[in-house]
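Commentary on secondary and tertiary structure
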Amino acid sequence: MNALVPLPVLLPLSATGLSLAFGTRLKQFQRIISVAVLTAVLALSVALMIAADSGGPLSVHLGDFAPPLGITLVADRLSGLMLTVSSAVTLCVLVYSLGQGMADRDEETPVAVFHPAYLILVAGVSCTFLAGDLVNLYVGFEIMLVASFVLLTLGGTGPRVRAGSTYVIISLFSSMLFLTAIAMTYAATGTANLAQLAQRLGELPLGVQTLIQAMLLTVFAIKAAVFPLAAWLPDSYPTAPAPVTAVFAGLLTKVGVYCMLRTETLLFPGNRLGDLLMAAALASMMIGILGAVAQTDLKRLLSFILISHIGYMVFGIGLASRESYGGAIVYVAHHITVQTTLFLVAGLIERRTGTTELTRIGGLARAAPVLAALFFVPAMNLAGIPPLSGFIGKLGLMRAGVADGGVWAWILVVGSVATSLLTLYVMAKVWNLAFWRAAPPDQAADGTVLESDDENGGDEDADEGPDRIPGTGDEPIRRHRPAGLAVAATLHGHAVTTTTKLPTLMTVATAAAVALGLSFTVLAGPLTSYTDRTAAELLARSPYIEAVLGR
C-alpha cells in the first residue's frame, strides 16, 4: 500500500500535462480526463484512509533517500480523512464547473486553462496533506497557490484582478515568512523532516521552540484566515467564478487548519500557546459572524461566516485534548463540505436571478423549490441544528471545553453557542430575503443579460469610476439588456443570463455535495469513532514517527 501514497499528487500533475497538450483542441477529452483523474484520486484516498486506519500510518521516501535528504510522504488517519473529503468535494465542484461551462457555451482560452489549473490545485492540496517534511509542505503550498492565482483571475476582469492582487501580496508575504521559519528550524535542528523534528525540537531552548512555533502558527493562521489575519478573504473570494469560490472557501482555508493541527500535535506538544489560540478562536468567531450579520451580498456574507467558523476549529486545537482534537477534525470535515455546498448554491442563485445581492432577489422558494431545498439543508447544517453533522462537531467541541474547565474554555463554550445562534439568524435572514418574501420589482426577469462594467466598453450609459467589490453598497449599477445581445460567460466574468431552468449538471453536482454533507450525519457513529482514533494517534505521536523513521 505504501506505493499508493504518492499517487494523489502524481496523477493530477500527469493529467495536467495531457490537459494542456490536448485541451485547446479536444475540449471533450479535457473534461473526460479531469473527471477520470479526480475519480481515481477519490478512490485512492479512500483506500489510503482505510489502510491507515487498519494498519497504521503509511510512508514512502521518494528515490529511496532516507530523511533528512529525501522527500517523505506520509498517509495517516488524519491525512487520509482530509484527502478523502477534499477529493469528494473537488470532484463535485469540477462537475459543477463543467455544467456551468456547457451552459455558458464557453469556448475561449480561459476555460481551456481552467482544467489544468484546477488539476494543479488538487495536486498541491494532496501534496500538503501528505507532506512529511516542512520543505515539501512549502512546495505543496506553492503549487496550490500558483494554481489559485490563475483561477482567481479567470477572465481578467477588473474586480478579479484587484482581488487576485491582494491575494498574491498576502500569499507572498506568508510564503516568505514560511521560508524564514523553515530556515530557522533547519539551522537549529539540522533537519526539516517532521518525524525527526518531533524528536529534536524538545532539545532546543524554550525560547527558540516558542519562536519557531509562533512563526509557523502565524503562517498557517494567514492561510486559514484566522482573525486578525483574515482581512484579505472577504474581498478576494466573492469576485471569483462560483466553482472557484466554492473550492477556495471550502478547502483552501482548511489546509491551513490541517497544518496547525499537524504541527501543534507532532512538533509542539504541551500546548504552550493554547491561550493565544483560544483568544484568536474567540475573536474569529465573533468578528466573523458580526461581519456576516452586516452583509447584504450572499457571497460576502458566506465569506464572513467562513472566518467565523474557522474559530471553532482553532478552539479545538487550542484546548489540545483528545476530545477537542476529535471534535475539531469532525468539524473540519463537516465544514469543507457544507461551506463548499453553500457557495455552489450561491452560484445557482446568481444563475437564476443574475445577482447575489439579497436586497434585489426574492420569491425563490415558490419559483425554484429545488434551489430552496439545496440551500436550506446545508444552511441548517452550518447553523448546527440537531441532528446534523454541524451540531455533532459543535457538541463535541463544547463538551471538550466543559471537560477542560478553564476560564478560556468556558468563554469559548459561551462564544460557540452565541456564534451558532447568530449563524442561525444569518441563515434565516438569507432565507427570508432570497426565498420567502415576494420577489422585488427590480429583480431581473428570465432571459435578461446582466452585463458587468467591464463589458460596457466606455459606453456613455455606463457608470463612471472603478469597479467595486459586490455587497459593499458601492458597486456600479449593472445595465439590463434583452437576452441574445451577449454570450453568458460567468467563468469569464463578463455576463450572466438569468434562466428559470437551472443547468442540470450544476444542480446535480450541488445535490451531490448536499448528500455528502448529509452522509456525515448518517455515518455520525463511525465518523466520530474514526476521529477519536485519529486524535489518539495524533497525541501518541509515536505511530507517525515510527512509520517514517522505522524505530
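As the structure is a prediction and not an experimental result, all values here were calculated from the model.

1. Looking at the overall build of the protein
When its secondary structure is counted, the protein shows 20 helices and five strands. Of all 551 residues assigned to the protein, the portion counted as buried reaches 60%. Long-range contacts, defined as pairs at least 24 residues apart, comprise 82% of the intrachain contacts of the protein with a sequence gap of at least 6. Here the protein displays about 19400 Å² of accessible surface, and carbon together with sulfur accounts for 67% of that area.

2. Quick word on a nonpolar patch on the surface
Taken together, the side chains of Leu18, Phe22 and Phe29 define a hydrophobic patch exposed on the protein surface, amounting to about 240 Å² of accessible area. Structurally, Leu18 is set in helix 1 (residues 7-22).

3. Quick look at the packing of helix 13 (residues 322-353) against helix 18 (residues 504-522)
Between helix 13 and helix 18, the shortest axis-to-axis distance is 9 Å and the interhelical angle comes to 155°. As summarised for this structure, helix 13 and helix 18 are arranged roughly antiparallel, according to the angle between their axes. Handedness of the helix 13/helix 18 crossing: left-handed. Listed contacts from helix 18 to Ala333, His334, Thr337, Thr341, Leu344, Val345, Leu348 and Arg351 of helix 13 are Met506, Thr507, Thr510, Ala513, Val514, Leu516, Gly517 and Phe520. In terms of residue class, the contact of helix 13 with helix 18 is made up of nine nonpolar, six polar and one charged.

4. Focus on helix 10 (residues 242-266)
Taking 1.5 Å per residue as the helical rise, helix 10 with its 25 residues ought to reach 36 Å, and the 36 Å between its terminal C-alpha atoms agrees with that figure. A maximum bend of about 35° is found in helix 10 at Phe248. For helix 10, a buried count of 25 out of 25 residues is recorded, marking the element as mostly surrounded by other parts of the structure.

5. Thoughts on the packing of aromatic side chains
Aromatic rings in a pair are described by how distant their centres are and how their planes are angled relative to each other. Applying the stated rule across the entire model yields 15 aromatic pairs. Plain terms: the ring middles of Phe129 and Tyr258 are 5.0 Å apart, the flat faces sit at 80° to each other, and that makes the pair edge-to-face. Note that Phe129 is positioned in helix 4 (residues 109-130) and Tyr258 in helix 10, a separation of 129 residues in sequence. Exposure class is identical for Phe129 and Tyr258. Each is buried. Here a set of aromatic residues connected by ring pairs shows up, and it is made of Phe375, Phe376, Trp431, Phe435 and Trp436.

6. Points about the side chain of Gln213
In this fold, Gln213 is placed in helix 8 (residues 206-224). Residue Gln213 is classed as buried on the basis of its relative accessible area of 0%. Sequence-distant contacts of Gln213, defined by excluding residues within four places in its chain, comprise Glu264, Phe268, Arg272 and Leu273.

7. Focus on the environment of Val41
Note on placement: Val41 falls in helix 2 (residues 27-55). Since its relative accessible area comes to 1%, Val41 is described here as buried. As a C-alpha pair, Val41 and Val122 span 81 residues in sequence and 9.4 Å in three-dimensional space. Apart from the residues within four sequence positions on either side, Val41 is in contact with Pro8, Leu11, Pro12 and Ser87.

8. Points about the pattern of salt bridges
Should the charged atoms of two oppositely charged side chains come close, the side chains can pair. Scanning the model with the defined rule gives six salt bridges in all. As a salt-bridge pair, Asp53 and Arg533 come within 2.8 Å of each other at their nearest N and O atoms. Linking Asp53 in helix 2 with Arg533 in helix 19 (residues 524-540), this pair joins segments that are 480 residues apart in sequence. Taking relative accessible area as the criterion, Asp53 reaches 22% and is therefore assigned partly exposed. Take Arg533: its relative accessible area is 30%, and that puts it in the partly exposed class. A salt bridge links Arg77 to Glu537; the nearest nitrogen and oxygen atoms lie 3.1 Å apart.

Thresholds, definitions, all that
Residues numbered from 1 in each chain as written. Predicted model: local features only at pLDDT ≥ 70, side-chain atom pairs only at ≥ 80, totals over all residues. Heavy atoms only, no water. Helix = DSSP H or I, 4+ residues; strand = E, 2+ residues; numbered from the N terminus. Buried < 20%, exposed > 50% of the residue type's maximum accessible area, 1.4 Å probe, protein only. Contact = heavy atoms within 4.5 Å. Areas by Shrake-Rupley, 256 points an atom, 1.4 Å probe, with all protein chains shown as cover. Patch = residues over 30% accessible without salt bridge, like charges linked within 9 Å, V, L, I, M, F, W, Y side chains within 5 Å. Salt bridge = Lys/Arg side-chain N within 4 Å of Asp/Glu carboxyl O. Axes fitted to C-alpha atoms, helices over the stretch in contact; angles between N-to-C directions. Parallel < 35°, antiparallel > 145°, perpendicular 65-115°, else oblique. Left-handed = near helix turned anticlockwise from the far one by under 90°. Nonpolar A, V, L, I, M, F, W, Y, C, P; charged D, E, K, R; others polar. Expected span 1.5 Å × (residues − 1). Bend = angle between axes of the 7 residues up to and from the residue. Phe/Tyr/Trp six-rings, centres within 6.5 Å; stacked < 30°, edge-to-face > 60°.

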